[in-house]
Amino acid sequence: MTKMTKIKSADALPLNTILAGDCIEQMNSLPAESVDLIFADPPYNLQLRGDLHRPDNSKVDAVDDHWDQFSSFAVYDKFTQDWLKAAKRLLKPNGAIWVIGSYHNIFRVGATLQNEGYWILNDVVWRKSNPMPNFRGKRLTNAHETMIWASKSEGAKYTFNYEALKALNEGIQMRSDWVLPICNGHERLKDENGDKAHPTQKPESLLHRVLVGATKPGDVVLDPFFGTGTTGAVAKMLGRDWIGIEREEAYRKVAQKRIDAVRKFDKSALEVSTSKRAQPRVPFGQVVERGMLRPGEELWSMNGRHKAKVRADGTLIGDDIKGSIHQVGAHLEGAPSCNGWTYWCFKRDGKQVPIDVLRQQIRAEMENN
């Protein structure tokens, strides 16, 4: 069981815990540069003027709670500046932040992000496949929200699992417009009276995509506006550690109950597609050093047209060329470049075997050690 607590200072991170109280005070009490990712769903400052009603005159369950009330834009901007400053102190040098909002607040948040020295990487449009209609009929149906993804500073490194997001999208590069449904049905949490536990509960699909794309298993994810705990629930499922901050007791209780019921996926299920550039580099010379191929052994091009001999220093020699596996392959094909690992093969028991099999064998050993 995780537990709810309020802390004044911390020498170590209170992982997998919901902290009670003001988000700025709590963030300032945590160790600097200790968090990998922050996902923030701050108050939208909707500035509602009276109740909203449907055509049948029934009242719309809108965001009219006191935590979303700010007396002026100046007050809201000061609040935004303070929590973003506290968040930046917490982020590791290679950390990043995602902030979600509507047209009421996201432009003000974006300007403050830049003023505080964050570097915007993308704005992502979450297009709701089932948005709530505009009952008054005086504006366009508000069918999207905007997320801003930013690194801690210009030039800072950050996690981006490009291949994993591409795999989520059936092999097509992930775009910055995401079509996902709003939270409803069995996922929508209810309170003791059967009403919505939170007016702006985010769908788990949204957090799944963010965390798969921008974190690694074991990373620490902090949500300073925790609400009913979508960030914590998805982080737990995906093998990430999490910290939530929430000042409303009713939300904390719902979030805790929800997260306690979540089961973490097994280790093999948490593995995602990675870029080849992220894999350990293996020089061809290492294949020769380890005796997987011997000096003097012949390699053949996969198309069967060319051959070359392996030399003791990991280079190849052909009829009129010597050099690396890449250089010799490119020369023989008259091409500007060549991936020697996929171009060359050796023969075993009369069968062609790509030399890349040997590289993958070495990589597997490196990852298991």
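Residues numbered from 1 in each chain as written. Predicted model: local features only at pLDDT ≥ 70, side-chain atom pairs only at ≥ 80, totals over all residues. Heavy atoms only, no water.

In the nomenclature of an unreviewed UniProt entry, the protein chain is known as Methyltransferase of Pseudoprimorskyibacter insulae. A UniProt comment under Sequence similarities (unreviewed entry) is attached to the protein chain, and it reads "Belongs to the N(4)/N(6)-methyltransferase family." Reading the Catalytic activity (unreviewed entry) entry of the UniProt record for the protein chain gives the comment "a 2'-deoxyadenosine in DNA + S-adenosyl-L-methionine = an N(6)-methyl-2'-deoxyadenosine in DNA + S-adenosyl-L-homocysteine + H(+)". (UniProt positions renumbered as here; feature names shortened; annotations may be inferred.)

(A) Spotlight on the overall build of the protein chain. For the protein chain, the count of helices and strands is 12 helices and 15 strands. Classification of the 369 residues of the protein chain by burial places 45% in the buried group. Taking as baseline every contact in the protein chain between residues at least 6 positions apart, the subset at least 24 positions apart corresponds to 66%. Accessible area of the protein chain: about 19900 Å², with a carbon and sulfur share of 49%. (Helix = DSSP H or I, 4+ residues; strand = E, 2+ residues; numbered from the N terminus. Buried < 20%, exposed > 50% of the residue type's maximum accessible area, 1.4 Å probe, protein only. Contact = heavy atoms within 4.5 Å. Areas by Shrake-Rupley, 256 points an atom, 1.4 Å probe, with all protein chains shown as cover.)

(B) Just the packing of aromatic side chains, in detail. Evaluation of the coordinates by the stated rule reveals 11 aromatic pairs. Ring plane angle 70° and centroid distance 5.9 Å describe the contact between Phe284 and Trp341, whose orientation is recorded as edge-to-face. Of this pair, Phe284 sits in helix α9 (residues 284-289) while Trp341 sits in helix α11 (residues 340-343), and the two are 57 residues apart along the sequence. The residues Phe284 and Trp341 share a single accessibility class, namely buried. Connected via pairs of aromatic rings, a cluster forms that spans Trp98, Trp149, Tyr158, Phe160, Tyr162 and Trp178. (Phe/Tyr/Trp six-rings, centres within 6.5 Å; stacked < 30°, edge-to-face > 60°.)

(C) Region of interest: the pairing of strand β6 (residues 144-151). Taking burial as the measure, the 8 residues of β6 include 7 buried ones, the bulk of the element. Examined bridge by bridge, strand β4 (residues 91-101) and β6 share 6 bridges and lie antiparallel to one another. Bridge pairing links Ile100 to Met147 in β6. Judged from the 8 bridges that link them, strand β5 (residues 119-128) and β6 form a sheet pairing that is antiparallel. Considered in β6, the bridge of Ile120 is made with Ala150. (Pairing = 2+ DSSP bridges.)

(D) Representation of the pattern of salt bridges. Counted under the stated rule, the structure contains 16 salt bridges. A salt bridge links Glu33 to Lys152; the nearest nitrogen and oxygen atoms lie 3.7 Å apart. Of this pair, Glu33 sits in the loop between α1 (23-29) and β3 (35-40) while Lys152 sits in the loop between β6 and α4 (162-168), and the two are 119 residues apart along the sequence. In this structure, Glu333 and Arg305 form a salt bridge, with 2.9 Å as the shortest nitrogen-oxygen distance. Placement of Glu333 in helix α10 (residues 325-333) and of Arg305 in the loop between β10 (298-301) and β11 (307-310) is noted, with a sequence separation of 28 residues between them. Using a relative accessible area of 28% as the deciding quantity, one classes Glu333 as partly exposed. (Salt bridge = Lys/Arg side-chain N within 4 Å of Asp/Glu carboxyl O.)

(E) Examining the environment of Gly213 more closely. By secondary structure assignment, the location of Gly213 is in helix α5 (residues 204-214). Along the backbone, Gly213 and Phe160 are 53 residues apart, and their C-alpha atoms lie at a distance of 5.7 Å.

(F) A look at unusual backbone geometry. Of note in the backbone geometry, Glu170 takes a positive phi value of approximately 55° without being a glycine. Take Glu170: it is sitting in the loop between α4 and β7 (177-180). Residue Asp349 is not a glycine yet carries a positive backbone phi of 55°. Along the chain, Asp349 falls in the loop between β14 (344-348) and β15 (351-354).

(G) Geometry of the sheet that holds strand β12 (residues 316-317). Spatially, the 6 strands line up as an open sheet ordered β13-β12-β11-β10-β14-β15, and their pairing is antiparallel. Lying at the two open borders of the sheet, with one neighbouring strand each, are β13 (322-323) and β15.

(H) Structural view of the side chain of Asp36. Within the secondary structure, Asp36 is located in strand β3. Apart from residues lying up to four places away in sequence, Asp36 is in contact with Leu91, Lys92, Gly95, Ala96, Asp219 and Val220.

(I) Region of the structure containing α5. The buried fraction of α5 amounts to 8 of the 11 residues, a majority that puts the element mostly inside the structure. By the burial criterion, the buried members of α5 are Leu206, Leu207, Arg209, Val210, Leu211, Val212, Gly213 and Ala214.

(J) Spotlight on the confidence of the model for the protein chain. Summarising the model, the protein chain shows a mean pLDDT of 86, and 85% of its residues fall at 70 or more. pLDDT under 50 marks residues 1-10. Its contacts with residues more than four places away, or in other chains, come to 28 contacts. (pLDDT = per-residue confidence, 0-100.)

(K) Structural view of the environment of Phe346. Checked against the element boundaries, Phe346 lands in strand β14. With 46 residues separating them in the primary sequence, Phe346 and Trp300 have C-alpha atoms 6.1 Å apart. Residues contacting Phe346, with those up to four places away along its chain left out, are Leu293, Glu297, Glu298, Leu299, Lys351, Gln352, Val353, Pro354, Ile355 and Leu358.

(L) Representation of the nonpolar core. In this structure, Leu37, Trp98, Met147, Trp178, Leu206, Val210 and Leu211 are the most contacted members of the largest nonpolar core, which totals 34 residues. For this core, the leading source of residues is α5, giving 6 residues. In terms of nonpolar packing, the next biggest core, distinct from the first, is built from 30 residues, Ile24, Leu84, Tyr118 and Leu222 among them. (Core = buried A, V, L, I, M, F, W, Y, C linked by side-chain atoms within 4.5 Å.)

(M) Inspection of helix α3 (residues 106-115) at higher detail. Buried residues of α3: Ile106, Val109, Gly110, Thr112 and Leu113, and no others. Projection of α3 onto a plane perpendicular to its axis shows the buried side chains occupying an angular sector of 165°, all on one side. For α3, the exposed residues set more than 90 degrees away from the buried face come down to Phe107, Gln114 and Asn115. Close packing links the buried residues of α3 with α2 (73-90), β4, β5 and β6. The first or second residue beyond α3 is Gly117, which carries a positive phi of 95°. (Arc of directions from axis to C-beta.)

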